Amino acid sequence: MFLKRKTGLYVFLAFRWALLLIGLFMYAKNNTVTPELVLTAVLFQTIYSFAQIRNSQKIRVLTAILDACFSLYLISQTGGLASPVVVYSFAGLITFKRFVTWNAYYSIILLYSLLVPLLFSSAVSLSMYEYMIKHFNYSFVVFIFFLSMGMTHYGIKVVRQEYRKLMMIYASSSYAASAKIQGIIPYSEGVLKKVLDDREVILCLVSVSDSEKPQSWRQTYYTNYLIQNRPYSFKVYTDVPSPTGEVLPFYIETLKDRHGTIYGWLLVQAGKDELTVLHKLYIHFILIRLEADQFVKGELAYAAETAVAKERDSIAQNIHDGIAQELFFISIQLFQLKQSLPADTREQILPFVIEVEKKVKESHRDIRQFIIELKDEKRKINLHHAIEKLLQRVTERTEVKPTFEKIGWIAHEQLQIEEAIYHLVEEAANNVIKHAQAKQIYVQIEVTSVQWAVTIRDDGIGMTLSTGNPGGRYGLGGMESRIKSLNGAIFFHSEPGKGTTITAYIPRERSMAYV
């Protein structure tokens, strides 16, 4: 209460001092006031003020009772019920509210209001009714005091109710805990119902997150209705048919996020202008909280999705650059092994090599499929990307500058073709680094709906094609065999001191789409 605070108590005591001095001054205008009466009144008021400031509850109660008794004495000395000190006397009763409930306080006021005229009417041998008629101004003072206390009581009650509603809205810890258990929509509806004096509240969201409980059939009905019959204004009173066919009045507010996108509607069953300014203010506060919750959930979901995507991308890339490349290499080794098997043991060993090669290719296909699934899309890690990585890796600690040009792109290609192109570029690049003494290597891959065209060119010392390239790991014969196994064609052009150019063409299946 107001008097329980130091500042409020000081204001009240100053107000009582002012009433006492004004009352004595008004009485002294037409009557004689003895110095003893003034001194006694000032002395008692001083003691009363200091006692009320003390922290002792017993002293406060005792001085409040003594103050009521002293007020009766002061009234008797200054003209009875016609005394201007009557207002001062009733103001002293405000102190009792600090110790009792409102019901008890009203009883104290009523008792005191009847006790004062009873005592003074007995002193002059008149009935209380007659005495009250003669001093009608006293009845007016009592009425005004009762009215003031009643309005104060009502005002405090309303303020406390609104304060509780605000605390309900801003109770962050309970909001988070309750919303987690109930779900944000049921919890928000419950809070809105309480702050809107138990009116029916329906929250309709266009899309509900996976963590949110599904909307009820009633919410689904009103959501579908509002999607088909958009309100003509952001806030509007309108009639809406219920699921049972009954037309009900509703206050409808469109819910928009901070980007201006509509994510739902709030329906409150209320007639036109039935909701007060405070009601709409509470709605605004809660909807701000709801929108913030939706925004945070969206941001968290996006962050989680991005983090998962990055992690999956990293794993897929590591698999592609590690295991997948090793399987590429093993596949090529097996191919070379098949070509170099001695004639006397070829028939005996070849079936085993073919079986191992088959298993390696199956494993490679499985890993490529895992990569596609990890990337969560049909194709992100493709041949172009792999060759870029290859050229970077091969030339990383050399003086050779790689240039890679890609023309066209396809959604999917046979594994054997990709392997052949990749290892053609890999073998040629390694030969350039080891033997060509080049400063630059240029790789161009062009794909059409008909074929793949691969060009690898360097500015090195060149070579004599008749003697091949014995210094290379596999030699030109291996490149030629690989391309021809896919019904392709490969051409070598080199002159001493002018570099080497390798051009390969590999036909594509017509069923594959060209982009």
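The sections below set out a description of the structure shown in this document. (Residues numbered from 1 in each chain as written. Predicted model: local features only at pLDDT ≥ 70, side-chain atom pairs only at ≥ 80, totals over all residues. Heavy atoms only, no water.)

**A look at helix α1 (residues 6–30)**
Logical step 1: Between its terminal C-alpha atoms α1 stretches 38 Å, which fits the 36 Å expected from 25 residues at 1.5 Å a residue.
Logical step 2: Within the sequence span of α1, burial applies to Gly-8, Leu-9, Phe-12, Leu-13, Arg-16, Leu-19, Leu-20, Gly-23, Leu-24 and Tyr-27.
Logical step 3: Summarising the contacts, the buried residues of α1 are in contact with α2 (35–53), α3 (57–77) and α4 (86–92). (Helix = DSSP H or I, 4+ residues; strand = E, 2+ residues; numbered from the N terminus. Expected span 1.5 Å × (residues − 1). Buried < 20%, exposed > 50% of the residue type's maximum accessible area, 1.4 Å probe, protein only. Contact = heavy atoms within 4.5 Å.)

**Remarks on the nonpolar core**
Side chains that are nonpolar tend, in soluble globular proteins, to be buried together.
Logical step 1: Of all hydrophobic cores here, the largest spans 37 residues; its most connected members are Leu-74, Phe-90, Tyr-105 and Phe-145.
Logical step 2: Contributions of two or more residues to this core are made by α1, α2, α3, α4, α5 (102–123) and α7 (136–170).
Logical step 3: Residues contacting Phe-145, with those up to four places away along its chain left out, are Phe-90, Ala-91, Leu-93, Ile-94, Tyr-105 and Ile-109. (Core = buried A, V, L, I, M, F, W, Y, C linked by side-chain atoms within 4.5 Å.)

**Some words on the packing of α2 against α3**
Logical step 1: Across the interface, α2 lies against α3 with an axial gap of 10 Å and an inter-helix angle of 160°. One finds that α2 runs roughly antiparallel with respect to α3. The hand of the α2/α3 crossing is left-handed. Where α2 approaches α3, its residues Leu-37, Thr-40, Ala-41, Phe-44, Tyr-48, Ala-51, Gln-52 and Ile-53 are matched on the opposing element by Ile-59, Arg-60, Thr-63, Ala-64, Leu-66, Asp-67, Phe-70, Tyr-73, Leu-74 and Gln-77.
Logical step 2: Per-class residue counts for the contact of α2 with α3 are twelve nonpolar, four polar and two charged. (Axes fitted to C-alpha atoms, helices over the stretch in contact; angles between N-to-C directions. Parallel < 35°, antiparallel > 145°, perpendicular 65-115°, else oblique. Left-handed = near helix turned anticlockwise from the far one by under 90°. Nonpolar A, V, L, I, M, F, W, Y, C, P; charged D, E, K, R; others polar.)

**Observations concerning the packing of aromatic side chains**
Logical step 1: Taken as a whole and judged by the stated rule, the model has eleven aromatic pairs.
Logical step 2: Relative to Tyr-505, the ring of Phe-491 has its centre 6.3 Å away and its plane inclined at 65°; by these criteria the two rings are edge-to-face. Note that Phe-491 is positioned in strand β8 (residues 489–494) and Tyr-505 in strand β9 (residues 500–507), a separation of 14 residues in sequence.
Logical step 3: On the accessibility criterion, Phe-491 (48% relative accessible area) is partly exposed.
Logical step 4: Grouping aromatic residues by their ring pairs yields a cluster made of Phe-90, Tyr-112, Tyr-138 and Phe-145.
Logical step 5: Over the aromatic face of Tyr-48 sits the side chain of Arg-16, whose NZ or CZ is 5.2 Å from the ring centroid.
Logical step 6: When the ring centre of Tyr-88 is taken as reference, the NZ or CZ atom of Arg-16 above it lies at 3.9 Å. (Phe/Tyr/Trp six-rings, centres within 6.5 Å; stacked < 30°, edge-to-face > 60°. Lys NZ or Arg CZ within 6 Å of the ring centre and 35° of its normal.)

**A look at helix α14 (residues 415–436)**
Logical step 1: Taking 1.5 Å of rise per residue, the 22 residues of α14 would be expected to cover 32 Å, and the 30 Å separating its terminal C-alpha atoms lies within 8% of that figure.
Logical step 2: For α14, a buried count of 17 out of 22 residues is recorded, marking the element as mostly surrounded by other parts of the structure.
Logical step 3: Looking one or two residues past α14, Gln-437 carries a phi angle of roughly 55°, positive in sign.

**With respect to the sheet that holds strand β4 (residues 262–269)**
Logical step 1: Taken in spatial order, the four strands line up as β1-β4-β3-β2 in an open sheet, and their pairing is antiparallel. With partners counted over all chains shown, the strands left at the sheet margins are β1 (201–205) and β2 (235–241), one partner each. Direction aside, the axes of adjacent strands within the sheet are offset by 30° on average.
Logical step 2: By the bridge criterion, seven bridges tie strand β3 (residues 247–256) to β4 in an arrangement that is antiparallel. If you follow Tyr-251 over to β4, its bridge partner there is Val-268. (Pairing = 2+ DSSP bridges.)

**Focus on the sheet that holds strand β7 (residues 451–458)**
Working definition: the strands of a sheet are paired by backbone hydrogen bonds and lie parallel or antiparallel to each other.
Logical step 1: Across the sheet, which stays open at both edges, the five strands sit in the order β5-β6-β7-β9-β8 with mixed pairing between neighbours. The outermost strands of the open sheet, each flanked by one partner alone, are β5 (401–407) and β8. The average angle at which neighbouring strand axes cross in this sheet is 10°, direction not considered.
Logical step 2: Where β5 and strand β6 (residues 440–447) come together, seven bridges link them in parallel fashion. Each residue of the ladder has a partner; that of Thr-403, found in β6, is Tyr-442.

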